[in-house]
Amino acid sequence: MQLRKLVVFLLILALAGCSEEAPKPEKKAADSAPPQISAPAQAPAPQENVTASEANEEAAPSEAGRREEMAHGYVQATADVQKVKHASAEAMPSIMPPPPTPQPQDGETYNEAKESGFLSPLTKPLSTFSIDVDTASYSNVRRFISEGQRPPAGAVRIEELINYFSYSYPQPNGAHPFSVTTELGPCPWNSSHKLARIGLKAKDIDTKDLPPSNLVFLTDVSGSMSDANKLPLLKQALRLLVRQLGARDRVAMVVYAGSDAVVLEPTPGSEQGKILAAIDSLGAGGSTHASSGIVTAYQLAEQSFISGGNNRVILASDGDFNVGVTSPDELQKLIEEKRKSGVHLTVLGFGMGNYRDDTMEVLADKGNGSYAYIDSLLEARKVLVKEMSGTLFTVAKDVKIQVEFNPAKVSAYRLLGYENRALADEDFNNDRKDAGEIGAGHTVTALYELIPAGAQPLVDPLKYQKAEPQKPLPTEGAASSELMTVKLRYKPLDSDKSVLLDTVIEDGNAALAQTSEDFRFAAAVAGYGLLLTGSELAGDLTWQQVIQLAKDARGRDEEGWRAEFIRLAESAEQLAK
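Values in this document were obtained by computation on a predicted structure and should not be read as measured data.

The rules behind these values
- Residues numbered from 1 in each chain as written.
- Predicted model: local features only at pLDDT ≥ 70, side-chain atom pairs only at ≥ 80, totals over all residues.
- Heavy atoms only, no water.
- Helix = DSSP H or I, 4+ residues; strand = E, 2+ residues; numbered from the N terminus.
- Buried < 20%, exposed > 50% of the residue type's maximum accessible area, 1.4 Å probe, protein only.
- Areas by Shrake-Rupley, 256 points an atom, 1.4 Å probe, with all protein chains shown as cover.
- Salt bridge = Lys/Arg side-chain N within 4 Å of Asp/Glu carboxyl O.
- Pairing = 2+ DSSP bridges.
- Axes fitted to C-alpha atoms, helices over the stretch in contact; angles between N-to-C directions.
- Contact = heavy atoms within 4.5 Å.
- Core = buried A, V, L, I, M, F, W, Y, C linked by side-chain atoms within 4.5 Å.
- Phe/Tyr/Trp six-rings, centres within 6.5 Å; stacked < 30°, edge-to-face > 60°.
- Lys NZ or Arg CZ within 6 Å of the ring centre and 35° of its normal.
- pLDDT = per-residue confidence, 0-100.
- Parallel < 35°, antiparallel > 145°, perpendicular 65-115°, else oblique.
- Left-handed = near helix turned anticlockwise from the far one by under 90°.
- Nonpolar A, V, L, I, M, F, W, Y, C, P; charged D, E, K, R; others polar.

## A look at the overall build of the protein
Thought 1: From N to C terminus, the protein includes 16 helices and 15 strands.
Thought 2: Relative to its full complement of 577 residues, the protein shows a buried share of 46%.
Thought 3: Counting every atom, the protein has about 28100 Å² of accessible surface; 52% of that belongs to carbon and sulfur.

## A look at the pattern of salt bridges
Thought 1: Applying the stated criterion across every chain yields a total of 31 salt bridges.
Thought 2: Between Asp 280 and Arg 239 there is a salt bridge whose closest N-O contact spans 2.8 Å. Placement of Asp 280 in helix H8 (residues 272–280) and of Arg 239 in helix H7 (residues 231–242) is noted, with a sequence separation of 41 residues between them.
Thought 3: The class for Arg 239 is partly exposed, based on a relative accessible area of 21%.
Thought 4: Of the charged contacts in the structure, one is a salt bridge between Asp 434 and Arg 339, with a shortest N-O distance of 3.5 Å. Remark: Arg 339 occurs in the loop between helix H10 (328–338) and strand S8 (344–349) and Asp 434 occurs in the loop between strand S11 (410–415) and strand S12 (436–439); sequence separation between them is 95 residues.
Thought 5: Counted as one network, the salt bridges with shared partners bring together Asp 132, Asp 134, Asp 365 and Arg 421.

## Considering the sheet that holds strand S9 (residues 371–373)
Thought 1: The strand order S6-S5-S4-S7-S8-S9 describes an open sheet built from six strands, whose pairing is mixed. Each of the sheet's edge strands pairs with one partner strand only, and the pair in question is strand S6 (260–268) and S9. Across the sheet, the mean angle from the axis of one strand to that of its neighbour is 15°, orientation sign disregarded.
Thought 2: The pairing of S8 with S9 spans three bridges and is classified as parallel. Across the sheet, Val 347 pairs through a bridge with Tyr 371, a residue of S9.
Thought 3: Along the sheet, H7 makes contact with strand S4 (213–220) and strand S7 (310–317), crossing S4 at roughly 170°.

## Looking at the environment of Pro 268
Thought 1: Residue position: Pro 268 is located in strand S6.
Thought 2: The exposure class assigned to Pro 268 is partly exposed, which follows from its relative accessible area of 21%.
Thought 3: Linking Pro 268 and Arg 248, residues 20 residues apart in sequence, is a C-alpha distance of 6.7 Å.
Thought 4: Residues contacting Pro 268, with those up to four places away along its chain left out, are Gly 246, Ala 247, Asp 249, Arg 250 and Ile 275.

## So, the nonpolar core
Thought 1: By size, the foremost hydrophobic cluster in this structure holds 41 residues, and its most contacted members are Ile 162, Phe 165, Trp 189, Phe 521, Tyr 528, Leu 532 and Phe 565.
Thought 2: Elements with a minimum of two residues in this core: helix H5 (136–146), helix H6 (158–162), helix H14 (517–533), helix H15 (543–552) and helix H16 (561–576).
Thought 3: The dominant element in this core, judged by the number of residues it contributes, is H14, at 11 residues.
Thought 4: Those residues in contact with Trp 189 that sit more than four places away from it in its chain are Leu 195, Leu 416, Glu 449, Ala 523, Ala 526, Gly 527, Leu 530, Leu 537, Ala 538, Gly 539, Asp 540 and Leu 541.

## Details of the packing of aromatic side chains
Thought 1: With the rule as written, the count across this model stands at 18 aromatic pairs.
Thought 2: With a centroid separation of 5.0 Å and an interplanar angle of 80°, the aromatic rings of Phe 165 and Phe 521 are classed as edge-to-face. Here Phe 521 lies in helix H14 and Phe 165 lies in the loop between H6 and strand S2 (178–187), a separation of 356 residues in the sequence. Taken as a pair, Phe 165 and Phe 521 share a single burial class, namely buried.
Thought 3: Cluster of aromatic residues (ring-pair linked, three or more members): Tyr 138, Tyr 164, Phe 165, Phe 521, Tyr 528, Trp 543, Trp 561 and Phe 565.
Thought 4: Directly above the aromatic system of Phe 118 lies the positively charged group of Arg 414, at a separation of 5.7 Å from the ring centroid.

## Some remarks on the pairing of S2
Thought 1: In terms of residue burial, S2 counts as a mostly covered element, since seven of its 10 residues are buried.
Thought 2: Looking at chain direction, S2 and strand S3 (residues 190–202) are connected through 10 bridges and run antiparallel. Among the inter-strand pairings, Glu 183 is bridged to a residue of S3, identified as Arg 197.
Thought 3: Counting the residues that bridge the hairpin from S2 to S3 gives two residues.

## Comments concerning the confidence of the model for the protein
Thought 1: Chain-level statistics for the protein give a pLDDT mean of 83 and a share of 80% at 70 or above.
Thought 2: Confidence drops under a pLDDT of 50 for residues 13–105, and excluding neighbours within four residues, the segment shows 36 contacts in the predicted structure.

## Structural notes on the sheet that holds S3
Thought 1: Within the open sheet, the four strands sit side by side as S2-S3-S13-S11. Their pairing is antiparallel. The open sheet is flanked by S2 and S11, the only strands paired with a single partner. Recorded for the sheet is a direction-independent mean angle of 25° between the axes of neighbouring strands.
Thought 2: With eight bridges connecting them, S3 and strand S13 (residues 443–452) associate as antiparallel partners.

## What to know about helix H11 (residues 357–366)
Thought 1: Within H11, nine of the 10 residues are buried, which leaves the element mostly enclosed by the surrounding structure.
Thought 2: Taken residue by residue, H11 has Asp 357, Asp 358, Thr 359, Met 360, Glu 361, Val 362, Leu 363, Ala 364 and Asp 365 as its buried positions.
Thought 3: Considering only its buried residues, H11 is in contact with H6, S7, H10, S8 and S9.

## Here's the deal with the packing of H5 against H16
Axes are the key here: two packed helices are described by the angle between their axes and the distance separating the axes.
Thought 1: Orientation of H5 relative to H16, taken along the N-to-C sense of each, is 50°, at an axis distance of 10 Å. With respect to H16, the element H5 is oriented oblique. Where H5 crosses over H16, the handedness of that crossing is left-handed. Touching Tyr 138, Arg 142, Ile 145 and Ser 146 of H5 are Trp 561, Glu 564, Phe 565, Leu 568, Ser 571, Ala 572 and Leu 575, all from H16.
Thought 2: Grouping the constituent residues of the contact of H5 with H16 by class yields seven nonpolar, two polar and two charged.

Right, dumping it as structure tokens:
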């Protein structure tokens, strides 16, 4: 009996050794394959030539072996489950919903915040800048505030906040494609200062009279675009734009990730199904080789160039370029070279966390186009449907403004915003110098804060010398009531020679309540920007003053954008506490 037990025990050990030895030849292959959960081992079916009694005799001594095999199978299955759990944990960032929005310094990049200080007309009588019709800063800042965060100072560009809104400037009625409006009033954040407003209004063009479009959608489909507020939102936005196109228009599409590809050759805008199918087919994955996509997109636009039409590349991305030409300086050179083709560039920004505002801004600036940030489908509708003509159809190019101040009336001045659009004074008359474009129906607003002559000086008088700069001889104009002269240059679309306009702003002492609603609302938006950046030049301005000023100047607000601004200002006030 003891011998029989010993034999059975040795047999069990032998069978167990076989069951452990069997998987070894396949171990290498198993290690290279995706982990799978193994099922417990099954007993082999009896052979057809074996009798039932023989099968029972074979089965009896191997029952313990089967139990051992089943136990081994369970252990192997448990180990494989652990492998799967470990692999799932490693893959979690790519399959789970995105984590909470990181702070801007963790991944988003912005140009350094700069603020223009006061200048003296005696030493700097001219102020020269290029117009800016970008609106990206406003909607990007709105995104931060809506998420309960104060935006980084570099994200706040006052001129873009102001120009997010349209103003009731008169339609041009002469030979020029835009009108010029000026207004003077007290400065809300410093009662001893004045505020001068310069407004441009480009002529409206009826949709049926718009020239045909030759559009190339340059779409970022890299892995960083997989979030819901990136590629999925972008696809919805492009669908809105496509529905505005007709048979005379042409649409092509280039995508880029690790490399670029043409997913839609130039196609008539009337073939909506084909274009929308190409948009619907887009998916995200891979690295971001934007420069190769830019080259391909411009080549397509040049192949289908429409003389007298709207030839434009529409770049949509989060700006996180990591393959090929990636630095803003190198990309700027690439875009400057491509704009010589006569093809304009519109930039649409999407997403958060890794957003590259500094890159997107320079691309639009150097590509003779506009820059918008799309944070919602409603914003996409505003930019690509409601304001499509202003976003896509240029009516004047290289628009520059130069202001001369009368030192007899103004002791110091500063331009609010436009720091990235400043030009050298000599660039104003240089037709080779690139400047901003203005689209159909667009309005452009600029504000100057002025310190009247005779007001409290910015610095104390010197004790040991007289600070008397070389004073120019005053002209007859200095003794007039003129405060400043505004000069504008622009190029008609069919010319490389600029046209000059000028207008004068007279001195005055109107009360703030006597100024227009547009004047006061623009001032409220400027004040909002000053408080968001913690400007040292915000004087005694408070959030309550900004909110009340905006409420009193809301005026006609058909789309509700001004009402939304008031709510954002109220939210910003809470964040500041």
